[in-house]
Number of protein chains: 2
Amino acid sequence: MAEAARRTRGGGGAARRAERTAVSFETAKYIERNIPNFEILTEEALEIIENNAEIILEEIGVNFPDNPRALARWREAGADVQGERVRIPRGLARELCKTAPSSYVQHARNPDRNVVVGGKSLVLAPVYGPPFVRDMAGGRRYATMEDFRKFVKLGYMSKWLHHSGGTVCEPTDVAVNKRHLDMLHAHMTLSDKPFMGSVTEPSRAQDSVDMCGVLFGEKFVQENTVMTSLININSPMTFDDVMMGALEVYALNNQACIISPFIVGGAMAPVSVAGTLTQVLAETLAGIAYSQLIKPGAPVIMGAFVTSIDMNSGAPTFGTPEAAHITYGAGQLARRLNLPYRSAGSFCGSKLPDAQAAYETANSLNMGLLSGVNFMLHACGWLEGGLVSSFEKFVMDADQLGTLHHLARGIEIDENAQAMDAIREVGPGGHYLGCEHTQSNFKKAFWKSDLLDYKPFETWEDEGARDTQTLASLRVEKMLNDYQQPAMDPAITEALDAFVATRKAAEPDSFM
Amino acid sequence: MAEAARRTRGGGGAARRAERTAVSFETAKYIERNIPNFEILTEEALEIIENNAEIILEEIGVNFPDNPRALARWREAGADVQGERVRIPRGLARELCKTAPSSYVQHARNPDRNVVVGGKSLVLAPVYGPPFVRDMAGGRRYATMEDFRKFVKLGYMSKWLHHSGGTVCEPTDVAVNKRHLDMLHAHMTLSDKPFMGSVTEPSRAQDSVDMCGVLFGEKFVQENTVMTSLININSPMTFDDVMMGALEVYALNNQACIISPFIVGGAMAPVSVAGTLTQVLAETLAGIAYSQLIKPGAPVIMGAFVTSIDMNSGAPTFGTPEAAHITYGAGQLARRLNLPYRSAGSFCGSKLPDAQAAYETANSLNMGLLSGVNFMLHACGWLEGGLVSSFEKFVMDADQLGTLHHLARGIEIDENAQAMDAIREVGPGGHYLGCEHTQSNFKKAFWKSDLLDYKPFETWEDEGARDTQTLASLRVEKMLNDYQQPAMDPAITEALDAFVATRKAAEPDSFM
């Protein structure tokens, strides 16, 4: 069926281009940094951490429970396997990581929206995983598939977002064993940006690969990366068999995975930054090495989702200086492994898209850019420690992502940028508003918000003295009203619909 | 009188210590960076900008209007003076800047609160200059002396604020020619942190020096820096005679000045970052060189207050990526001059202490830390493009300043920080909450907010679902209730009161 659908597209670039002419919304190219990274760790500190990570792997080891296949792979590779514990001889994991590519292209169905992950690039993807949503009109509530579709639409229309993401919210009204089908269908049909696959069961990862076969053609999928999916490590040092099963499906099909500890410092890792970085490195070395044991050359991203804890309440905290330290440090460790790096995001602990949310988010977004992150999941929409996808915060954060694009451009120093003629023309006591240099440069000189308020006080007051959340709520409404679905070959739409219907009919609903 | 007052204090350290035992609120030491600066400009770009700045000084020149004394000084130093235009031969300004100290101590009346300005230090001072105040209860209104006193009290009680600042708001209910007396009196008596002097007339600068003579003793003032005051340059390239007169008073009395362009890019400087940096450098070179012509060795700070403009409305914008570029670049230029650097702050364009305000402020605070700023004026409380001092935002920003302290600590890498024993103890699948390393480190491991909310959702909802502004409003109220004036020798209080009364009686009120 997949190949049949593929053939009806005509197979040529012209046909693919025709599909997407109907409506197109502007999307910025993924960020290509023209600024240095912020290097917080000294060479000496890096070497200590790298050495300690090897000690962890060799002497303490990592667990691969309920996974005889993984244990066999490790044994064959030369590790010391006792029960579910895998001890990896010094240097072996790092050596195995060398077959992972330093960067890869993730293809979108609209090739203009392909992204490069690695090197100096930064790809921005929305929030992932919250069971709740919040908006001003409806408050906080369990997320539904209808909410999910709205977030995919907002992501499609967000200029500074390069990626449609994955579980932009958890559609709790659809059966657990079937919601991945609806989620993928939404990403594939409501957006033309790249997306993520399911990881909650190996079979759902296989469904994701198969649906991509329908969308892109099976051969294309085998030869190209069309998904980047999120494989979490159960810190400390435990590799869940379900996640490893999903990783196996993706690696064998040439699809990319983020291999990422999920750490609340002080709970799943030591309370110190250096200790946490050591554990993060040991865990990602083991996980990425394992991906290369499954298939050498499989594209992977070294991930670090790390935050601190409020030791009074036990609540995770976000946008904190300790999280920044870890994010900067892990970026250096990833670069020394020559691997793409995932971290940071619109993290906040606040219940509302208020000042707390924005301080915490801005802290995290800024450190994400400067730490050399290549793939930023959760780049917009995260609220309440990741329990909530917020509609208003989604567009607020998405607007702020524009600042990262402009920051990353660095400082131009050509003759036009030097502006010596303008300075001569204006001279002491003059002004630059009308001068030729200003006229010919102002349009592209400054980042421009599509959301924030700069109006005179009186105008702002006359218009209702609206705060950012209120402006964002109006923007959400307008974007959803303006939304137009990107064109798709009807045969592919039909084939995707049929795939979802067939798979849904194959088993009863489960909400477990 | 000043010396008499001084003598009654007993002259010894014991007496000074006794004065301040009554009540003391914790204040963090000024930040001493243990992290690198973010260096955005290449060596080549820096050299181009430095060369172009010399061209500006030599070929275009700068204006010192209505200031024959300044023109005479420049002529004598070897500049080409035509009318009010001063053209400075290549290299002369940079050479003159060499007598300015690379760092200096500003003394507070409580010596524990002395600050070092320069090198790796970062001193945080509150908002300066707004004619309006805002709080939740009273909305936006003209600032009064009562508001001013409240801000000084909040600054005194803010743990992460090292400096009491200057015009924390403009007390519009006091005559223009007398309000500096009340403002200084408030800083001197309601706080024991270092403060700023008046610059609105040379005579008011002299009053500031004289009042410091009462507070510290005249001899102490002549031998030590007890004020850091703000001298703005009228960009482009114009040095106001009133400001230069105040600078002269301060330099001759060994008191420090920030010499700072005030630039809205596209209006007072070219619309390009490199062009603006060039002009900033030329202006500060000329201003600082002039301070050293007045008195070689006078302590000065190279300032850069630069923001961009919304080219649609003409409104200044804050926390933008272009402002960040300039702040990073100007920091590099200052370090190459071996001078202390002032920039950044809690800048925002928002009318309310909402998410916009917090995004913009966090962007600016983060870049301020990483750009190597030594003196950050406006570090808390700024709202609405600087038109408003916000009570709630003051405490919100002041809380965020804690993140800068922790970020600046860098990453410890000693044996305790490496935490290898903890990692061994816990092992794969365990958790760190109860382990010895966590117990002995958690109290100082993580920055802790005194304001932000991390409570469980249900608790937060039961308590009224309060946003950050509401929490901040309660905190303002509590701080003002808890406030206790730092102890002062009654003879000094009396002498300060008498000084203010005498000076106020000497001339009629003026509101011009």
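For the structure, check the block above.
Thresholds applied
- Residue indices follow the written sequence of each chain, beginning from 1 at its first position.
- To read the labels, note that chains go from A and ligands from 1, taken in the order they are written.
- pLDDT decides what is reported in this predicted model: residues at 70 or higher carry local features, side-chain atom pairs at 80 or more are listed and counted, and totals for whole chains, interfaces and linings draw on all residues regardless.
- Calculation of side-chain values draws on the structure's entire complement of heavy atoms; hydrogens and water are dropped beforehand.
- Note on conventions: DSSP H or I runs of at least 4 residues are helices, E runs of at least 2 residues are strands, and numbering of each starts at the N terminus.
- Exposed residues in this analysis have more than 50% of their type's maximum accessible area, buried residues have under 20%, and partly exposed residues fall in between, with area computed by a 1.4 Å probe over protein chains only.
- What makes two residues a contact is simply this: any of their non-hydrogen atoms within 4.5 Å.
- Residues forming no salt bridge and having over 30% relative accessible area are the ones grouped into patches, like charges within 9 Å of each other and nonpolar side chains (Val, Leu, Ile, Met, Phe, Trp, Tyr) within 5 Å.
- Here the open area of atoms and residues is found with the Shrake-Rupley method and a 1.4 Å probe, where only the protein chains shown may cover a residue.
- A pair is scored as a salt bridge if a Lys or Arg side-chain nitrogen falls within 4 Å of a carboxyl oxygen belonging to Asp or Glu.
- When charges are counted, Lys and Arg contribute as positive and Asp and Glu as negative, whereas His and the chain ends are disregarded.
- Just so you know, the charge point we use is NZ for Lys, CZ for Arg, CG for Asp and CD for Glu.
- Side-chain rings of Phe, Tyr and Trp, where Trp is taken by its six-membered ring, are said to pair if the distance between their centres is within 6.5 Å; with planes under 30 degrees apart they count as stacked, over 60 as edge-to-face, and otherwise as tilted.
- Looking down the strands as they point away from the viewer, one classifies a crossover as right-handed if the path from the first strand across the helix to the second runs clockwise.
- A pair of strands is considered paired only if DSSP assigns at least 2 bridges between the two.
- Here the axes come from fitting lines to C-alpha atoms, over the contacting stretch only for helices, and the angles between their N-to-C directions go from 0 to 180 degrees.
- Small angles under 35 degrees read as roughly parallel and large ones over 145 as roughly antiparallel, with 65 to 115 read as roughly perpendicular and the rest as oblique.
- Buried area is calculated as the accessible area (1.4 Å probe) missing from two parts once they are joined, with the contributions of both summed.
- As used in this structure description, the phrase polar contact means that two N or O atoms lie within 3.5 Å; if the pair is within protein, one of them must be able to donate a hydrogen and the other to accept it, and residues adjacent in sequence are counted only when both atoms belong to side chains.
- When residues are grouped by polarity, Ala, Val, Leu, Ile, Met, Phe, Trp, Tyr, Cys and Pro land in nonpolar, Asp, Glu, Lys and Arg in charged, and all others, Gly among them, in polar.

### As for the environment of B:Met196
Residues and elements named next belong to chain B.
And step 1. Residue position: Met196 is located in the loop between helix 7 (179-190) and helix 8 (202-216).
And step 2. What makes Met196 buried here is its relative accessible area of 3%.
And step 3. As a C-alpha pair, Met196 and Cys257 span 61 residues in sequence and 9.1 Å in three-dimensional space.
And step 4. Setting aside residues up to four positions removed in sequence, Met196 forms contacts with Tyr128, His163, Gly165, Gly166, Leu184, Met227, Thr228, Ser229, Leu230, Ile258 and Leu377.

### Some thoughts on a negative patch on the surface
Residue and element names in this part refer to chain A.
And step 1. Residues Glu412, Asp414, Glu415, Asp421, Glu425 and Glu436 make up a contiguous surface patch of negative charge.
And step 2. If you trace the backbone, Asp414 turns up in the loop between helix 14 (391-408) and helix 15 (415-418).
And step 3. Assessed through its relative accessible area of 41%, Asp414 is described here as partly exposed.

### Side note on the packing of aromatic side chains
All names here are of chain A.
And step 1. All chains considered together, the criterion is met by 34 aromatic pairs over all chains.
And step 2. With 4.6 Å between their ring centres and 5° between their planes, Phe64 and Phe239 make a pair best called stacked. Placement of the pair is Phe64 in the loop between strand 2 (62-63) and helix 4 (68-77) and Phe239 in the loop between strand 10 (228-233) and helix 10 (241-252), with a sequence separation of 175 residues. Taken individually, Phe64 and Phe239 each receive the classification buried, so the pair is uniform in this respect.
And step 3. Within the aromatic cluster, the residues linked to one another by ring pairs are Phe262, Phe305, Phe318, Phe347 and Trp382.

### Section: the pairing of strand 12 (residues 300-303) of chain A
Residue and element names in this part refer to chain A.
And step 1. Alternating positions in strand 12 separate into two faces, Val300 and Met302 on one and Ile301 and Gly303 on the other, with burial throughout.
And step 2. What joins strand 11 (residues 256-264) to strand 12 is helix 11 (residues 273-294), and the crossover it makes is right-handed.
And step 3. Bridge analysis of strand 12 against strand 15 (residues 341-342) gives 2 bridges, and the strand direction is parallel. Looking at strand 15, one finds that Gly303 is bridged to Arg342.

### Quick word on the packing of helix 6 (residues 145-157) of chain B against helix 19 (residues 468-482) of chain B
Residue and element names in this part refer to chain B.
And step 1. Running from amino to carboxyl end, helix 6 crosses helix 19 at an angle of 85°, the nearest separation of the two axes being 10 Å. As the angle between them shows, helix 6 and helix 19 are arranged roughly perpendicular. On the side of helix 6, the interface is formed by Lys150, Lys153, Leu154 and Met157, while helix 19 contributes Val476, Met479, Leu480 and Asp482.

### Brief notes about the interface of chain B and chain A
And step 1. Counting from both sides, the interface comprises 113 residues of chain B and, opposite them, 113 residues of chain A.
And step 2. Between chain B and chain A the total buried area reaches about 9100 Å² when both faces are included, carbon and sulfur atoms providing 70% of it.
And step 3. On the chain B side of the contact with chain A, B:Tyr359, B:Phe446 and B:Tyr454 bury the most area, a combined 9% of that side's loss.
And step 4. Across the chain B-chain A interface, the total number found is 4 salt bridges.
And step 5. Residue B:Lys351 pairs with A:Asp453 through a salt bridge whose shortest N-O separation is 2.5 Å.
And step 6. For the pair chain B and chain A, the number of links is 40 residue pairs in polar contact (both at pLDDT 80 or more).
And step 7. Looking at the side of chain B that touches chain A, the element that brings in the most residues is helix 13 (residues 355-370) of chain B, giving 10 residues.
And step 8. Class assignment of the residues belonging to the side of chain B that touches chain A gives a composition of 58 nonpolar, 36 polar and 19 charged.

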